[in-house]
Amino acid sequence: MANSGLAFDNADIFNSLNEAVYIVDSRTHELLFMNKAFQDWFQVKDYRGRKCYDLIQGRTAACDFCSIPLLKPGESRDWEFKNLRLGVECILKDTIITYQGHEAMLEIAFNITQLTQERADKEYVLRLQEKLLQDIKILDRPEKLETRINQVFQDIGAYLGADRIYIFMFNGAKMSNTYEWCRAGVEPQIQNLQDMDVSSINRWLPYLERRETVAVPDIETIRESDPEEYAVMAPQDIQSYLEAPLAVNEKLYGFVGFDNPPVDKFEQLTPVLHSLAYVISSAMMRELHETHERQHVDEMTVRKQEIDNYKRLVEQLENMYPNLIASFQLNLTKNWCGKGRSELDFVLQQQASGTADGYFEEFFKLLTDPDQKQEFRQLFNREKLLQRFQEGETKVALEYSLPYADGLHWREGLLHMFKNPFTGDIEARTFAINIDERKIRESIIEELVGTDYDFVSVVNLITGRVTEFGSKGHSYAAPGKLVNVDYEQAMMTAVRNFIHPDQVEAAIKAHSLATIKARLAADGVYSLVFPTKDGREESWRISYLNGDKEQALIARKDVTRFLQKERAQIAELQQAKLDADQANQAKSNFLNGMSHDLRTPLNGILGFTDLALKTQDKGQREDYLRKIKSSGELLADLVNDTLEMSRIESGKLELKPETVDGRSFWEALVTAMMPAAAMRNVRLETDPSQYPAEKIKVDALQMKKVLLNLISNALKYTPAGGKVRVDIQALNPPVKGCTRRITVQDTGIGMSQEFMERMFEPFAQEHRAEAQNVVGTGLGLAIVKRIVDLMGGFITAQSKVNGGTRFTVDLPIEHWSEQPEETARLQAQAAHQNQDIQAALQGRQVLLCEDNYLNAEIATLLLKDKKLGVDWAKTGQEGVEKFRDSLPGYYDVVLMDIRMPVLDGYGATAAIRKLDRADAAIVPIVAMTANAFTEDIAMAKDAGMNGYVTKPIAPQHLYQTLYKVLTQA
């Protein structure tokens, strides 16, 4: 389509289309054709000569989203766009064509506004249904009905953007607002809407009875027909509302309503509101039914539960202690003992008397520790036990030790008391439990306290009582050991006794039972550190003691030295991170700053290219082309220099002197800056005839950096209409060993004396109003100073604010005396080498693998200039297939780009080398890529490549590389 014109007769075809079509000149953006549909859209007849961006978009310049710069002849672009002038959503199809001698763009616009709206409506309904499903799940939760309904109202109200959601329930001839949710800023009305007459909604009742929705999208429509309803709604700032019936089993119980929901969504909201009303009705009726059922069950089963509880308690007591040694049944009221069980005969003898008193007496005889005997007498006395039960205590316990043949063993004696519902007697169960393992654990805790921890205790999270299990004399709460005392009181005493005064209140709050419970519930383990009065730091570790989560283990130890070491390590890490961040920032600033150096020669290329395209003078054009070539070579050098700049930053920059023609070298550098000066309306002056005409030996790339940085800075800081002067002169006699002087002087804004003291520091910039639009990193002068120092030279500056600046660079540049005979010999050698290259390359067949059309065209022209045959493969995979399908030995060499789609250069090289044919292993493969790092060259070699050519391609280097690999093959 790109190569054929569209006749004007096609206008009839386009005018018959419903889709809008127009054609616009690709260069001028002038409208060449508009079909009738497009004219109707924009209500225009006279479109000839108008700009497309003016008529269609209402803009004064080309649109930034225009397809013209994105498309080549024959290419198309399909995309979606909304025209804000018309409010129309479109799918656009753009194609580059030739139309009546114009290179033009054809655009067809398909109106999808209605489709988009329908799709949005369907998506909205789908989201509403998903939201309703979520709310149904909420209503099915076991929480209180009020909690569930409030959560649903909040969820759906916020989603819809309604002002209020509410439920009214009927009670005879009255109705009341029972639930209400209000958006922030909306005043609640629930208190004002109680015990209202149902007659106030007489207009609604027929709809609700028929299970229909009452919908009022605009209350102004009922101002005249229903003034009473209007008078109720308007003062509440209700502009629209929806009401749906709450009904179960054909009975109407009330209604649910939305105030001020989105009016444009009424049609979609109606079925959702009906569904929500149905779900809420079901939940409310289910809640009412369950409440009545629970009350009935409670009244009928109180007696049964008492009996069941008694039986369950007896059964549980018989089976709740796994380490049980013995148990007995007692009737404390009737002084009876029996039904004992134990594997030890001497234990069973305790029930021989048949009385509870006799049982206690026999048990007393087994004890050997005096303290334990005394404690037993105070606890296990029948009269005292009955008194304890009346006071609400149902359990007593005693730990004791008994001598066995294999040593002393520890037991816990427990007595549980309860009332028999059949007789009213107070009964008891006694248990003797093996606690040897627990005592061993306590001994281990004591050992830990003796070695690592200063203090270990257990706090009952239910009773708030704490018991100390060991300390190094540092409980701080009381002179003696803490045994089942009030935790909060003991904790506050201890904190005030040894925590640093500044931290006392914070420590009390952090150690409170409320804080401990919350932190353990969230994390399972709670750790904290506080300073002491004597300058130490103590750490607490608090965790659940066991699975029932009723007790917490509190362990405290001195962590002063540990924290000091840890903080020192953290400080080292923070400093290391700071150093790394600063290094990364410096690297980023450095790379960003280099970009302006790259743009300088690029401006020369683009500027002289534009001039060459416009001039008809052959000689002038050749001069422009030579300058383009010079700027291009400079750009390539700067790209390579940017890639190697990391070495400069690490102090590994090495000078690489080469012999150049001095006058041509200096002139090329200054010439490259001419377009940049012209763009800024600054006069760049120099006199190349005054440059020393000589051969010099110098690191050309580093020298370019010095001069270009100085000229570029002078141009940047010189206002339009100003002047920059560049001079190159010989120093005879030398000054401090320097033989050449470079002077760059401008009439710009100058520098302050304060800034000049640090102008050579990396990233230094003087921020002044005159330079607010100047973009730079402050790296240029730092680079210049480093290179000049490395070359053994000197750089000085004279400047004053708004008085211009003069930079003087003195360098020890070596004059290269070249003998005429040597020059003739080198020229003859070069000519002979070119003849050898031409002879070696002529007639050879090249497989060029390159995905970029422009790069492929340049490479093809360069190769054909040396009489080589070229086959072009656009991807690595295509290159492998072309080589595979060729006759053995057909291709003499392969030029391989590295970055290509489908298969990159490395993969394509490996695939060719693996082919089962003799020439696959030996055919020379040369990388041709923009990657110029040393590691990239090494990767190419490892992949099986024989040579390496960097982009942009230097023709002579390409020819020499091909000559080398072909003559060595």
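Keep in mind the model is a prediction, meaning the values are calculated, not measured.

### Structural notes on the overall build of the protein chain
Secondary structure summary: the protein chain contains 30 helices and 35 strands in total. A total of 969 residues make up the protein chain; the buried ones form 43% of that total. Long-range pairs, those at least 24 residues apart, make up 55% of the contacts in the protein chain with a sequence separation of at least 6.

### With respect to the packing of aromatic side chains
Counted by the stated rule, this structure contains 25 aromatic pairs. For the pair F376 and F380, a centre-to-centre distance of 4.8 Å together with 20 degrees between the ring planes defines the contact as stacked. Pair check on accessibility: F376 and F380 agree, each one buried. Here the aromatic rings of F530 and W540 are separated by 6.4 Å at their centres, their planes lie at 70 degrees, and the arrangement is edge-to-face. Of this pair, F530 sits in strand 20 (residues 525-531) while W540 sits in strand 21 (residues 537-544), and the two are 10 residues apart along the sequence. When its relative accessible area of 8% is taken as the criterion, F530 is described as buried. The structure contains a cluster of three or more aromatic residues connected by ring pairs, namely F328, Y359, F360, F363, F364, F376, F380 and Y400. Over the ring of Y207 we find R210, and its NZ or CZ is 5.2 Å from the ring centre. Across the ring face of F364, the terminal group of R377 is positioned such that the distance to the ring centre comes to 3.6 Å.

### Concerning the pairing of strand 14 (residues 395-404)
In this sheet, strand 15 (residues 407-419) lies alongside strand 14 in antiparallel orientation, the contact comprising 10 bridges. Paired with K395 across the strands is H416, a residue of strand 15. What sits between strand 14 and strand 15 in their antiparallel hairpin is a turn of two residues.

### Details of the packing of helix 20 (residues 662-672) against helix 22 (residues 700-716)
With their axes 10 Å apart at the nearest point, helix 20 and helix 22 run at an angle of 40 degrees to one another. Taken together, helix 20 and helix 22 sit at an angle that is classed as oblique. For the element pair helix 20 and helix 22, the recorded crossing hand is right-handed. Between helix 20 and helix 22, the contacting residues are F665, W666, L669 and V670 on the first element and A700, M703, K704, L707, L708 and I711 on the second. Classifying every residue of the contact of helix 20 with helix 22 by side-chain character gives nine nonpolar, no polar and one charged.

### Points about the sheet that holds strand 23 (residues 658-661)
Strand order in this open sheet of three strands is 23-25-30, and the pairing throughout is antiparallel. Of all strands in the sheet, those with a lone pairing partner are strand 23 and strand 30 (814-815), marking the two edges. Taken together, the four bridges between strand 23 and strand 25 (residues 695-698) define a ladder with antiparallel strand orientation. Bridge pairing in strand 25 places E658 opposite V698. Its contacts with the sheet place helix 20 against strand 23 and strand 25, and it is angled at close to 80 degrees to strand 23.

### Structural notes on the packing of helix 11 (residues 370-379) against helix 12 (residues 382-390)
One can describe the packing of helix 11 onto helix 12 by two numbers: an axis separation of 7 Å at closest approach and a directional angle of 60 degrees. Relative to helix 12, helix 11 is oriented oblique. Residues R377, Q378 and L379 of helix 11 lie in contact with helix 12, whose contacting residues are K384, L385 and R388. The residue inventory of the contact of helix 11 with helix 12, partitioned by class, reads two nonpolar, one polar and three charged.

### Points about the environment of N434
Inspection of the secondary structure puts N434 in strand 16 (residues 426-434). Residues N434 and H409, 25 residues apart in the sequence, show an inter-C-alpha distance of 8.0 Å. Of the polar contacts made by the side chain of N434, one reaches the side chain of R411; its length is 3.3 Å. Within the structure, the side chain of N434 is placed 2.9 Å from the backbone nitrogen of D436, a separation counted as a polar contact.

### A few points about the pattern of salt bridges
Side chains that carry opposite charge are capable of pairing whenever their charged atoms lie near each other. Scanning the model with the defined rule gives 33 salt bridges in all. With a closest N to O distance of 2.7 Å, E229 and R203 form a salt bridge. In this pair, E229 sits in helix 7 (residues 227-233) while R203 sits in the loop between strand 8 (196-197) and helix 6 (205-209), placing the two residues 26 residues apart along the sequence. Given a relative accessible area of 12%, E229 falls into the buried group. For R203, a relative accessible area of 25% gives the class partly exposed. Among the ionic pairs, R917 bridges to D919, the shortest N-O distance being 2.8 Å. For the pair R917 and D919, a shared accessibility class is recorded, and that class is buried. Look at the salt bridges and you will find they share partners, linking D534, R536, E538, R556 and D558 into a network.

### A short note on the side chain of R411
Position of R411 relative to the elements: it lies in strand 15. A relative accessible area of 6% places R411 in the buried class. Among the polar contacts made by the side chain of R411, one reaches the side chain of Y404 at a distance of 3.5 Å. Once residues within four sequence positions are removed from consideration, R411 is found in contact with I325, L398, E399, Y400, Y404, I433, N434, I435 and D436.

### Quick word on the sheet that holds strand 15
Strand order in the open sheet made by the five strands is 13-12-16-15-14, with antiparallel pairing throughout. The strands lining the two open edges of the sheet, one partner per strand, are strand 13 (336-342) and strand 14. Between one strand axis and the next, the sheet turns through 20 degrees on average, direction left out of account. The sheet contact formed by strand 15 and strand 16 spans nine bridges and is antiparallel. In the sheet register, R411 faces strand 16, and the bridge partner there is N434. Its contacts with the sheet put helix 12 on strand 14, strand 15 and strand 16, and the angle it makes with strand 15 is roughly 55 degrees.

### A word on the nonpolar core
Counting 45 residues, the largest nonpolar core has W666, M703, L707, L710, I711, I742 and V744 as the members making the most contacts within it. With nine residues, the top contributor of residues to this core is helix 22. Once you skip the residues sitting within four places of it in the chain, L710 turns out to touch V744, L781, V784, I795, F807 and V809. One finds A20, I23, C90 and I97 within the second-largest nonpolar core, a separate group that totals 36 residues.

### Things to note about the side chain of S512
Note that S512 resides in the loop between helix 15 (504-511) and helix 16 (513-523). S512 sits in the buried class, given a relative accessible area of 14%. Within polar-contact distance, the side chain of S512 engages the backbone oxygen of K509 at 2.9 Å. Among all residues touching S512, those that are not within four sequence positions of it are E488 and M491.

### Some points on the pairing of strand 27 (residues 738-746)
Burial of strand 27 is extensive: seven of the nine residues sit out of reach of the surface. In this sheet, strand 27 lies alongside strand 26 (residues 723-735) in antiparallel orientation, the contact comprising eight bridges. Residue pairing in the sheet places Q729 in a bridge with R741 of strand 27. The antiparallel hairpin formed by strand 26 and strand 27 contains two residues in its connecting segment, where K736 sits at a positive phi of about 55 degrees. Where strand 27 lies against strand 29 (residues 805-811), seven bridges are found, and the strand directions are antiparallel.

### Quick word on the environment of A234
Tracing the backbone shows A234 in the loop between helix 7 and strand 10 (241-248). Taking the C-alpha atoms as reference, A234 lies 9.5 Å from R223; in sequence the two are 11 residues apart.

### Here's the deal with unusual backbone geometry
The step from N732 to P733 runs through a cis peptide bond, and the omega angle for that step is 10 degrees. Relative to the assigned elements, P733 resides in strand 26. Within the chain, H29 stands out as a residue other than glycine whose phi angle is a positive 65 degrees. Look at H29 and you get buried, because its relative accessible area is 13%. Of note, N260 is a non-glycine position whose phi angle comes to about 55 degrees, a positive value. Positionally, N260 belongs in the loop between strand 11 (251-259) and helix 8 (266-319).

### Concerning helix 26 (residues 853-865)
For helix 26, built from 13 residues, the straight-helix expectation of 18 Å at 1.5 Å per residue is met to within 8% by its first-to-last C-alpha distance of 18 Å. Taken as a whole, helix 26 has its buried residues at A856, A859, T860, L862 and L863. Projection of helix 26 onto a plane perpendicular to its axis shows the buried side chains occupying an angular sector of 165 degrees, all on one side. Turned more than 90 degrees from where helix 26 packs its buried face, Y853, L854, L861 and D865 sit exposed. For helix 26, the N-terminal cap is N852; the gap from its side-chain oxygen to the backbone nitrogen of N855 is 2.9 Å.

Criteria and thresholds
- Residues numbered from 1 in each chain as written.
- Predicted model: local features only at pLDDT ≥ 70, side-chain atom pairs only at ≥ 80, totals over all residues.
- Heavy atoms only, no water.
- Helix = DSSP H or I, 4+ residues; strand = E, 2+ residues; numbered from the N terminus.
- Buried < 20%, exposed > 50% of the residue type's maximum accessible area, 1.4 Å probe, protein only.
- Contact = heavy atoms within 4.5 Å.
- Phe/Tyr/Trp six-rings, centres within 6.5 Å; stacked < 30°, edge-to-face > 60°.
- Lys NZ or Arg CZ within 6 Å of the ring centre and 35° of its normal.
- Pairing = 2+ DSSP bridges.
- Axes fitted to C-alpha atoms, helices over the stretch in contact; angles between N-to-C directions.
- Parallel < 35°, antiparallel > 145°, perpendicular 65-115°, else oblique.
- Left-handed = near helix turned anticlockwise from the far one by under 90°.
- Nonpolar A, V, L, I, M, F, W, Y, C, P; charged D, E, K, R; others polar.
- Polar contact = N/O pair within 3.5 Å; in protein donor to acceptor, adjacent residues only side chain to side chain.
- Salt bridge = Lys/Arg side-chain N within 4 Å of Asp/Glu carboxyl O.
- Core = buried A, V, L, I, M, F, W, Y, C linked by side-chain atoms within 4.5 Å.
- Expected span 1.5 Å × (residues − 1).
- Arc of directions from axis to C-beta.

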